[in-house]
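Topology and contacts: notes
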Amino acid sequence: MALLSMNNDLHEEYNHTSKIIYLDNNATTREDKSVIEIMINHLKRSNSFGNPSSSHLIGIETRYLIDESREQIRSSINASYSNEIIFTSGGTESNNLAIYGILKTNINNHIQHIITSPFEHPSVANLLTYLQNSYKNIQISFVKVDSNGIIDLQHFRQLLKPETKLVTIMHSNNEIGSIQPIEEIVQLCRKYGSSDILIHTDASQSMGKVAIDVLRLDIDLLTICSHKFHGPKGIGALYIRQGIKLEPILYGAQHEQNLRPGTENVLAIVGLGKACQLISNKSILNKRIEQMKRTRDRLYLGLKNQFNDQNQDFLKRNGIDQYCLPNTLSLSFQQINAKQLVNQLSDSIAFSTGSACHEDTKHQTMSTTLQAIGLSWELARGTIRLSTSYMTTDDEIDESIILITNAIKQQLSSYTDQHD
């Protein structure tokens, strides 16, 4: 009876959460229906369980599915060869393999200078901190960004030096959506006169939101994270330009060209392949981008109009539309507690403080992104991130405008009462 009661409670909770408006697509995305369908069909196949490393027909058939998915990923980023794609468990592992795998070869022998941004994903930032603390010959420079979260190219040029081995800068920022000038960064590295500088970009947030072309970008390594663009969780990939040599960071058998040991997660790989196949279609990708941007802009204008009676500094949009992901809206409100706002609306809208304040029970700290763009503590405390997807509807946006507005006005009313 207790188990039956628990199942009923879970069913009711599921029915409730399925009605929540989802505006946290930079955290993760719903799997596309086509992705779900192909994964279910894979599980239903009688020989889907095969080990891709086996030499019998069941193993060979499974290996074919992996190769097909690898080709789908290659096509989605316009890589030259499918063997430039290595499967990983996700964005974190891809970033670790790219950075540590490059530096590992000469990590104890020569000065290795790395240039990065001040607001990389923790899988980059924390790894670089570890390397700098563990090896005396690792040197790290942080390039400045402007108030819109865009890399300062002049400062970047000044940071280049003969010992520069690696540049690792995210393609787009997960908090405010700022898209970085990766092409210009690469050009500066090439013009510096050293072909030894390798360039890695974490494109986890950009895949499926903007077109990614590794040949046009001219980069050496690129991180892909499946669940950020409607694929399954627990799978990612790393693009490694042909000729680039990495050392493995895990040890085992010789899977994935001896770079990533462990029996491949075929089910998730099939799902990732399908997600990439969908965005390889320019018509599908452009329609998704148009829908994300239209709903994002509708949300921004709707909220902005709701607070016309407030002073002009009450609401601040972070980032600049010209260089921003089409789905990302970072807003800072004066006199508003973003964490409280998220809690107020937790049963109706799913959104984020945008990693603005990382909290525990004792203290708050401002995120590295909001620090880098020079946001005040008060505005950082009142910063929310709303991120749409191609699944977001106009009705959801219009309802969200009303709900967020009412919750903010509740806080303002309480603030006024406390200060009267």
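From a predicted model like this one, the values you see are computed outputs, not experimental measurements.

Criteria and cut-off values
- Residues numbered from 1 in each chain as written.
- Predicted model: local features only at pLDDT ≥ 70, side-chain atom pairs only at ≥ 80, totals over all residues.
- Heavy atoms only, no water.
- Helix = DSSP H or I, 4+ residues; strand = E, 2+ residues; numbered from the N terminus.
- Rg over C-alpha atoms; globule rule 2.2 N^0.38 Å.
- Buried < 20%, exposed > 50% of the residue type's maximum accessible area, 1.4 Å probe, protein only.
- Contact = heavy atoms within 4.5 Å.
- Areas by Shrake-Rupley, 256 points an atom, 1.4 Å probe, with all protein chains shown as cover.
- Lys, Arg positive; Asp, Glu negative; His and termini not counted.
- Charge placed at Lys NZ, Arg CZ, Asp CG, Glu CD.
- Pairing = 2+ DSSP bridges.
- Domains from an automatic or database assignment.
- Buried area = accessible area lost by both parts, 1.4 Å probe.
- Polar contact = N/O pair within 3.5 Å; in protein donor to acceptor, adjacent residues only side chain to side chain.
- Nonpolar A, V, L, I, M, F, W, Y, C, P; charged D, E, K, R; others polar.
- Disulfide = S-S within 2.5 Å.
- Salt bridge = Lys/Arg side-chain N within 4 Å of Asp/Glu carboxyl O.
- Axes fitted to C-alpha atoms, helices over the stretch in contact; angles between N-to-C directions.
- Left-handed = near helix turned anticlockwise from the far one by under 90°.
- Core = buried A, V, L, I, M, F, W, Y, C linked by side-chain atoms within 4.5 Å.
- Arc of directions from axis to C-beta.
- Phe/Tyr/Trp six-rings, centres within 6.5 Å; stacked < 30°, edge-to-face > 60°.
- Lys NZ or Arg CZ within 6 Å of the ring centre and 35° of its normal.

**Examining the overall build of the chain**
A tally of regular secondary structure across the chain gives 14 helices and 14 strands. For 420 residues, the compact-globule formula gives about 22 Å, and the C-alpha radius of gyration of the chain, at 23 Å, lands near that figure. Considering the chain as a whole, with its 420 residues, one finds that 53% of them fall into the buried category. If you take every contact in the chain between residues at least 6 apart in sequence, the share linking residues at least 24 apart comes to 74%. In the form shown here, the chain has an accessible surface area of approximately 19,600 Å², with 49% of it arising from carbon and sulfur atoms. In the chain, 39 positive and 44 negative side-chain charges are present, and the distance between their average locations comes to 4 Å.

**A few points about the pairing of strand β7 (residues 221-225)**
Extensive coverage of β7 is indicated by the burial of five of its five residues. Alignment of strand β6 (residues 198-202) against β7, held across three bridges, turns out to be parallel. Within β7, the residue paired with T201 across the bridge is L222.

**Thoughts on the domain arrangement of the chain**
Assigned domains of the chain: these are domain 1 (33-281) and domain 2 (283-417). If you average the C-alpha positions of domain 1 and of domain 2, the two centres end up 29 Å apart. Of the residues lining the interface, 26 residues belong to domain 1; the matching set on domain 2 comes to 29 residues. Together domain 1 and domain 2 conceal approximately 2,300 Å² of surface at their shared face, both sides included; 58% is due to carbon and sulfur atoms. Taken as a group, E175, I176 and K209 account for 30% of the area that domain 1 buries against domain 2, more than any other trio of residues on that side. Where domain 1 meets domain 2, there are nine residue pairs in polar contact (both at pLDDT 80 or more). Along the lines of polarity and charge, the residues of the side of domain 1 that touches domain 2 split into ten nonpolar, 13 polar and three charged.

**Topic: the state of the cysteines**
Overall, the coordinates contain zero disulfides when judged by the stated rule. In this structure C324 is not part of a disulfide, and its nearest cysteine sulfur, from C225, lies 19 Å away. Overall, the relative accessible area of 9% leaves C324 in the buried class.

**With respect to the pattern of salt bridges**
This structure, assessed with the given rule, holds 20 salt bridges. Taking the shortest distance from any N to any O, the salt bridge between E61 and R45 comes out at 2.2 Å. Here E61, found in helix α3 (residues 57-77), pairs with R45, found in the loop between α2 (33-44) and α3; they are 16 residues apart in sequence, far enough to count as distant. Residue classification places R45 among the partly exposed residues on the basis of a relative accessible area of 35%. One salt bridge in this structure joins R216 and E183, with 2.4 Å as the shortest N-O distance.

**Some remarks on the environment of D67**
Tracing the backbone through its elements, the reader meets D67 in helix α3. With relative accessibility at 37%, the residue D67 sits in the partly exposed group. The sequence separation of D67 and T129 amounts to 62 residues, and the corresponding C-alpha distance is 36 Å.

**Structural notes on the packing of α3 against helix α9 (residues 266-280)**
The geometry of a pair of packed helices is captured by two quantities: the angle between their axes and the separation between those axes. For the pair α3 and α9, interaxial distance at closest approach is 8 Å and the crossing angle is 30°. Two packed elements cross with a definite hand, and for α3 against α9 that hand is left-handed. Contacts between α3 and α9 involve T62, L65, I66, S69, Q72, I73, S75 and S76 on the former and, on the latter, V266, I269, V270, L272, G273, K274, C276, Q277, I279 and S280.

**Side note on the sheet that holds strand β14 (residues 383-387)**
On the basis of which strands lie adjacent, the open sheet formed by three strands has the order β9-β10-β14 and antiparallel pairing. Since the sheet does not close on itself, it has two edges, and those belong to β9 (315-318) and β14, each with one partner. Strand-to-strand twist in this sheet, taken as the mean axis angle between neighbours without regard to direction, amounts to 25°. Bridge analysis of β9 against strand β10 (residues 328-333) gives four bridges, and the strand direction is antiparallel.

**Let's talk about the nonpolar core**
Residues I77, F156, V167 and L222 are the most contacted members of the largest nonpolar core, which totals 51 residues. With eight residues, the top contributor of residues to this core is α9. For I77, the contacting residues outside a window of four places in its chain are I85, M207, I212, D213, V214, I224 and Y239. Ranked by size, the runner-up nonpolar core spans 26 residues in total, among them I21, L315, L331 and I397.

**Considering helix α7 (residues 182-191)**
Buried within α7 we find I182, I185, V186, L188 and C189. Summarising the axial view, the buried residues of α7 lie within an arc of 160°, below the 170-degree limit, and thus occupy one face. Among the structural elements, α6 (153-159), β5 (164-168), β6 and α8 (214-217) are those in contact with the buried residues of α7.

**Examining the packing of aromatic side chains**
By the definition in use, this model includes three aromatic pairs. The side chain of R288 reaches across the aromatic face of Y390, ending 4.1 Å from its centre. Sitting above the plane of the Y300 ring, R317 keeps its charged end 4.8 Å from the centroid.

**Re unusual backbone geometry**
Within the chain, N78 stands out as a residue other than glycine whose phi angle is a positive 60°. Secondary-structure assignment places N78 in the loop between α3 and β2 (85-88). For N78, a relative accessible area of 32% puts it in the partly exposed group. One non-glycine residue, D218, adopts positive backbone phi at about 65°. Here D218 shows up in the loop between α8 and β7. D218 gets classed as partly exposed once you look at its relative accessible area, which sits at 29%.

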